[in-house]
Amino acid sequence: MSRKLTVVLLAMLILVGAMSLKTVVTAHDNGAVIMANGGAPVPPTPWKNGGAPVPPTPWKNGGAPVPPTPWK
Amino acid sequence: MPGLVEYLIWSLCTLLEAAVVVCAIKRGAFRKYVFLNVYMATSVLVSLVRFDILQHYGLRSSQYIYFYYYTDALLTIFLYFALASLFSSVFSEMQAEQYVKLGAVLLLGGTALFSYAVVYQSQAKLVTHFVVELSQNLYFVGLVLTYVLWGAVLKLRETRTRLIQMVLSLGVYFSLFAANYALRNLYPSMNSVLQYLPPLFGCFLPAAWAYAFLRIPEDARLAPARLAVIR
């Protein structure tokens, strides 16, 4: 029984480790997906319809440079 | 549509994948490494169908997009089982196969649950979101598992050269993709260059495994001291 529990613990630890690693790697996520099987050309992700350029986020008004945060 | 260079790299990759299966059959190792060979054979088959769909419908067609992402998830699951079979081989002398199987199933189920938890708020295309998310998460689980396996290889003083070659090449393969992915996210301006590297990386694993089947005999052994030096 203890061996099985050890396996469960190890599986959960590996899952936490892998998801933490993914979070670190995708910290600056630009929407790219990682594709690691074969050499086929990667199509756009299914939920990105069309090839239009991505607009700026709605809360960035105008193109002015972003000032430093007020609390610094 | 992809250019000539991309088609050439893709063809090379597919040929190398087929070479893995051919070399394994030639060396009588197909059944011993059945999951690795099933992964490579499926990858060849998927590449052929992808090529056909790409020619008929184009890169941005929904047919190619859906077929690509759904088969990629399938291939990642097969690669995960191939990795689990390498775990079984390393731990075979400890009679721990049942624990490896239990751990593999638990980890796969946990990853699927986690992926669902991430995407369940997506009302539109929930299944597609889930499939892509599962593929991504399983990829990172595979990356961590490979390093765990390499730790076990060192700790257990594994000496089977072919097995070590396969584990190491898998580690390099996963690491190359992860590094490329991280760089693409960190430096989006370099995306135009970095996006061409994954197809090249994709050739590495079949090349290394084909070499392992072709040139390294099953009974070849490494001296434990040499592994210790690597550590």
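Above this text sits the structure in question.
Here's a quick rundown of the structure.

The rules behind each value
Residues numbered from 1 in each chain as written. Chains lettered and ligands numbered in written order. Predicted model: local features only at pLDDT ≥ 70, side-chain atom pairs only at ≥ 80, totals over all residues. Heavy atoms only, no water. Helix = DSSP H or I, 4+ residues; strand = E, 2+ residues; numbered from the N terminus. Areas by Shrake-Rupley, 256 points an atom, 1.4 Å probe, with all protein chains shown as cover. Phe/Tyr/Trp six-rings, centres within 6.5 Å; stacked < 30°, edge-to-face > 60°. Buried < 20%, exposed > 50% of the residue type's maximum accessible area, 1.4 Å probe, protein only. Contact = heavy atoms within 4.5 Å. Buried area = accessible area lost by both parts, 1.4 Å probe. Salt bridge = Lys/Arg side-chain N within 4 Å of Asp/Glu carboxyl O. Nonpolar A, V, L, I, M, F, W, Y, C, P; charged D, E, K, R; others polar. Core = buried A, V, L, I, M, F, W, Y, C linked by side-chain atoms within 4.5 Å. Expected span 1.5 Å × (residues − 1).

### Focus: the overall build of chain A
Of regular secondary structure, chain A possesses one helix and zero strands. Carbon together with sulfur atoms contributes 68% to the accessible area of chain A, which is approximately 5,100 Å² in total.

### Considerations on the packing of aromatic side chains
All names here are of chain B. With the rule as written, the count across this model stands at 18 aromatic pairs over all chains. Here the aromatic rings of W10 and F51 are separated by 5.9 Å at their centres, their planes lie at 65 degrees, and the arrangement is edge-to-face. With W10 in helix α1 (residues 4–26) and F51 in helix α2 (residues 34–57), this pair connects stretches of sequence that are 41 residues apart. We classify W10 as buried; its relative accessible area is 3%. Since its relative accessible area comes to 40%, F51 is described here as partly exposed.

### Focus: the interface of chain A and chain B
Counting residues at the interface gives 36 residues for chain A, matched by 53 residues for chain B. In this assembly, chain A packs against chain B so that about 4,300 Å² is buried in total across both faces, 70% of it on carbon and sulfur atoms. A:K22 is the salt-bridge partner of B:E133, the closest N and O atoms lying 2.7 Å from each other. Broken down by class, the residue content of the side of chain A that touches chain B amounts to 21 nonpolar, 11 polar and four charged.

### Some thoughts on the side chain of B:S169
Residues and elements named next belong to chain B. Its location among the elements puts S169 in helix α6 (residues 161–186). Residue class for S169 comes out buried when judged on its relative accessible area of 5%. When sequence neighbours within four positions are dropped, the list of residues in contact with S169 reads F204, L205, A208 and W209.

### Notes on the nonpolar core
Grouped together as the largest cluster of nonpolar side chains are 63 residues, with contacts concentrated most on B:V141 and B:W209. Per-element accounting of this core gives the leading share, 12 residues, to helix α5 (residues 126–155) of chain B. Once residues within four sequence positions are removed from consideration, B:W209 is found in contact with B:V20, B:L36, B:Y39, B:M40, B:L79, B:M166, B:S169 and B:L170. Counting residues in hydrophobic clusters, the runner-up holds 11 residues, among them A:A40, B:I53, B:L54 and B:Y69.

### Remarks on α5(B)
All names here are of chain B. Between its terminal C-alpha atoms α5 stretches 42 Å, which fits the 44 Å expected from 30 residues at 1.5 Å a residue. Among the 30 residues that make up α5, 23 are buried, leaving the element largely enclosed by the rest of the structure. One or two positions beyond α5, positive phi appears at R157, with a value near 55 degrees.

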